[in-house]
Structure formats: C-alpha cells, structure tokens
Amino acid sequence: MPLISIIIPLYNSEKTILETLKSVFQQTFSDFEIIAVNDGSKDSTLDILATIKDPRLKVFSYPNTGISPSRNRGISHAEGEFIAFLDHDDLWTPDKLELQLKALQENPDAAIAYSWVDLIDESSQFIRPHTRYSVSGDTLPKLLLDNIIHTASNPLIRKSALMEVGGFDESVFGPEDWDLFLRLATRYHFVAVPRTQVLFRMTATSASTNIARQETQILKVIERAFSQAPESLQHLRKRTITKIYMYLTFKALEVPSGRQNGLVAARCLWIAVKNDPTLLRQQKNILVALFKIAAVLILPSQQAKELLKKVKELKS
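Residues numbered from 1 in each chain as written. Predicted model: local features only at pLDDT ≥ 70, side-chain atom pairs only at ≥ 80, totals over all residues. Heavy atoms only, no water.

Asker: Talk me through the overall build of the chain; I want residue IDs and the actual numbers.
Answerer: The secondary structure content of the chain amounts to twelve helices and nine strands. In summary, the chain has a C-alpha radius of gyration of 20 Å against a globular reference of 20 Å for 316 residues, a match within 12%. Taken across its 316 residues, the chain has 50% of its residues classed as buried. Put simply, 75% of the contacts in the chain that link residues at least 6 apart link residues at least 24 apart. One way to put it: in the chain the 38 positive side-chain charges average out to a point 7 Å from where the 35 negative ones average out. (Helix = DSSP H or I, 4+ residues; strand = E, 2+ residues; numbered from the N terminus. Rg over C-alpha atoms; globule rule 2.2 N^0.38 Å. Buried < 20%, exposed > 50% of the residue type's maximum accessible area, 1.4 Å probe, protein only. Contact = heavy atoms within 4.5 Å. Lys, Arg positive; Asp, Glu negative; His and termini not counted. Charge placed at Lys NZ, Arg CZ, Asp CG, Glu CD.)

Here you go:
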C-alpha cells in the first residue's frame, strides 16, 4: 500500500499533463500512487495517459462535474495515509513530497504540511515569487485574513484529517481550496516547509471576470469560517472583509472590458473603504486603484488594456 496518494483532476489537459506528471515522477520520494480523475475530457488527455506505463498511475473517468467532485472522487480511491492534490497544469520541485512528509512525521500534532509557491507562465517560465508564509501550529488567525496556502497543489494532508472535515465542499465554486484549508485549520495544526516547492501556472484564463460570483462565494466561505471561529478571533472579521473587497477591486481590473468592470471595481473599493475608513491612509494603494478605475471608465477598452499593461510593466 503506498504511503502517499496524489490526486490529479483532469479536464482537457493535453497541453500540460505530461510536464505535470514528469514533475511527479521526478520526486525524490517514490512510495506513492497517482490517481488521475478524468472529468469528462474531450481532447486527447486519455490517449496521452494511456502511453504512460508506470504502474503507480491509476486513471478513473467520470462525466464532467467540476474540480471539487473530481478531487473528492480521488479521495475515495486513495489508499495512502497522506493525500497530495496537484492541478493538471501545476508543477512540483523534486523534493516536495519528501520534505513535506518529513515535516509531518516530525510534527505528529500537525495534519497539513505546506510550502512556498512561485508563479510560472504558460511556457513554464518563472514570473515572480508568490506566497512566502512560514506559519506553523495554529494557522487559523492567519488563514482567516489570507489564503496562505494559495492552491490545492501545495499541501500534503493526512487522509484522516480530510475525512474528518468531509473533503471539498462541492457547493463552493472558486475559493474551494481556501474553504477546505479553513475547515482543516479549525481542528488541526499546520507545519510550514519554508522553501519554494510548488509552481503555480498563470494562464490567460486564470483571471475570472465573474466578480459577482467570486464575491458571493468568498463571502459564503468567510461567513462560515467566522461562524466556527472562536470568539477571540471575531475581531478579524472587519479586516478580512476589507481585504476581500480590495482583492475584488483589483481583480475586476485585471481583464478590463469596458465600463462595467470599472463600475464593479468602484463598488468594491467603496465597500472596502466604507468597511474600514483607515484604508484612506494607504494613499498609494487607493490612488493606484482610482487611477485604474478611471482609465477603464474613461478610455475605450483596448486603450485601457494597453495603459494598464504599461502600468503593470513599470511596477514590475
């Protein structure tokens, strides 16, 4: 019986799955099984998987239902004591499983080990560092303010803990990873492996333009999290809501498509400032947000895109 089960949900993954699997087969720890859950792919994903003869790879196919049901189906097939999730286009460094497993074995009170995340582009080229959190022990206060794990491709989790909290909530769309991490953090300690081990791929479709749905889903997750959080952490609610609306403000401006995005961003910024007027002291962030909103509202769509792209390039 393998010690670790790696669950990879697949949907039309022909462009990236071989590179993703290569990063798994190159792991310095090898006692694992790979559970590939095909979620109704219509491309050559299954044909590509059929060319891989490694007996550790197991493929299960289902009609298309989404990423959370696919991950939960993977959990139901998993035989390992530990579970790792890996999205079909993300990559791991070779020591990811080895060092996270070691961290959990050395910290029996912890149920989740996590690492740092870097961003890569569609050609697997480095973009920039992303998460650099190293919080161990009780991570709930930090997780309530920010998704410090960032992606389901990051942690190694004891299967018993996943079963205890019920896996992924299939009614959550978007922040389903954060929702799972919050539910785990209410019951278990985490342990950090302070080094980059996860490469998260940013693609042209990574930025969702459905801000209204994101808002609804994130608020749903946060309200449930605070309803289960101890009284000593309730004071964080206002800060969390403020951070959410600042995030949504800039998210709405990532893919400008005319006045509608500008109006959405303006509404989110207003809610953030109304919730926490001290934001006005952060003049740089507020001015940047107002500049971007004005550009989207005033300029034609293409000109706004080009201007915001230049501003982003200047900042980097």
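Asker: Could you give an account of the packing of aromatic side chains, naming the residues involved and the relevant values?
Answerer: Applying the stated rule across the entire model yields two aromatic pairs. Taken together, a centroid distance of 6.4 Å and an interplanar angle of 65° make the contact between Tyr114 and Phe190 edge-to-face. One end of the pair, Tyr114, is in strand β6 (residues 110-120); the other, Phe190, is in strand β9 (residues 189-201), with 76 residues separating them in the sequence. For the residue pair Tyr114 and Phe190, the accessibility class agrees, reading buried in each case. (Phe/Tyr/Trp six-rings, centres within 6.5 Å; stacked < 30°, edge-to-face > 60°.)

Asker: Describe the environment of Lys243, and please don't skip the residues or the numbers.
Answerer: Considering the arrangement of structural elements, one finds Lys243 in helix α9 (residues 237-252). With near-sequence residues (within four places) excluded, Lys243 lies in contact with Leu145 and Asp146.

Asker: Can you explain helix α3 (residues 67-77)? Please cite residues and give values.
Answerer: For α3, the full list of buried residues reads Ser68, Pro69, Ser70, Arg71, Asn72, Gly74 and Ile75. Residues of α3 that are buried make contact with β1 (4-10), β2 (32-39), β4 (82-85), α6 (159-165) and α7 (176-185).

Asker: Requested: an account of the nonpolar core, with residues and values cited.
Answerer: In this structure, Phe85, Leu143, Leu144, Leu182, Leu184 and Phe190 are the most contacted members of the largest nonpolar core, which totals 58 residues. Not counting residues up to four positions away in its chain, the partners in contact with Leu182 are Leu140, Leu143, Leu144, Val221 and Ala225. Listed in part, the 32 residues of the second largest apolar core include Ile6, Val117, Leu156 and Val193. (Core = buried A, V, L, I, M, F, W, Y, C linked by side-chain atoms within 4.5 Å.)

Asker: Can you explain helix α1 (residues 17-25)? Please cite residues and give values.
Answerer: Ile17, Thr20, Leu21, Ser23 and Val24 are the residues of α1 that are buried. The buried residues of α1 occupy an angular sector of 155° when projected down its axis, which confines them to one face. Buried residues along α1 sit in contact with β1, β2, α2 (45-50) and β5 (91-92). (Arc of directions from axis to C-beta.)

Asker: Kindly report on the pattern of salt bridges, identifying the contributing residues and their values.
Answerer: Scanning all chains against the criterion turns up 13 salt bridges. For Glu164, the salt bridge identified is with Arg187, shortest N-O distance 2.7 Å. Here Arg187 lies in the loop between α7 and β9 and Glu164 lies in helix α6, a separation of 23 residues in the sequence. In this structure, the salt-bridge partner of Glu215 is Arg267, at a minimum N-O distance of 2.5 Å. Here Glu215 is found in helix α8 (residues 211-228), whereas its partner Arg267 is found in helix α10 (residues 259-275), with 52 residues between them in sequence. When its relative accessible area of 11% is taken as the criterion, Glu215 is described as buried. One network of salt bridges, with partners in common, ties together Asp169, Asp179, Arg183 and Arg224. (Salt bridge = Lys/Arg side-chain N within 4 Å of Asp/Glu carboxyl O.)

Asker: Hey, could you go over the environment of Val135 for me, with residue numbers and the actual values?
Answerer: By the element assignment, Val135 lies in the loop between β7 (126-129) and α5 (140-145). Exposure remark for Val135: the relative accessible area of 24% places this residue in the partly exposed category. It is 9.2 Å that separates the C-alpha atoms of Val135 and Pro194, two residues lying 59 residues apart in sequence. Those residues within four positions of Val135 in sequence are excluded, and the remaining contacts are Tyr114, Lys142, Ile148 and Ala192.

Asker: A description of the pairing of β4 should follow, citing residues and the corresponding values.
Answerer: On β4, burial covers both faces: Phe82 and Ala84 on one face and Ile83 and Phe85 on the other are all buried. Note that β1 and β4 share four bridges and pair parallel. Along β4, the bridge assignment pairs Ser5 with Ile83. Relative to strand β8 (residues 156-158), β4 runs antiparallel, the two sharing three bridges. Residue pairing across strands places Ala84 opposite Leu156, the latter belonging to β8. (Pairing = 2+ DSSP bridges.)

Coordinates in, geometry out; function isn't part of it.
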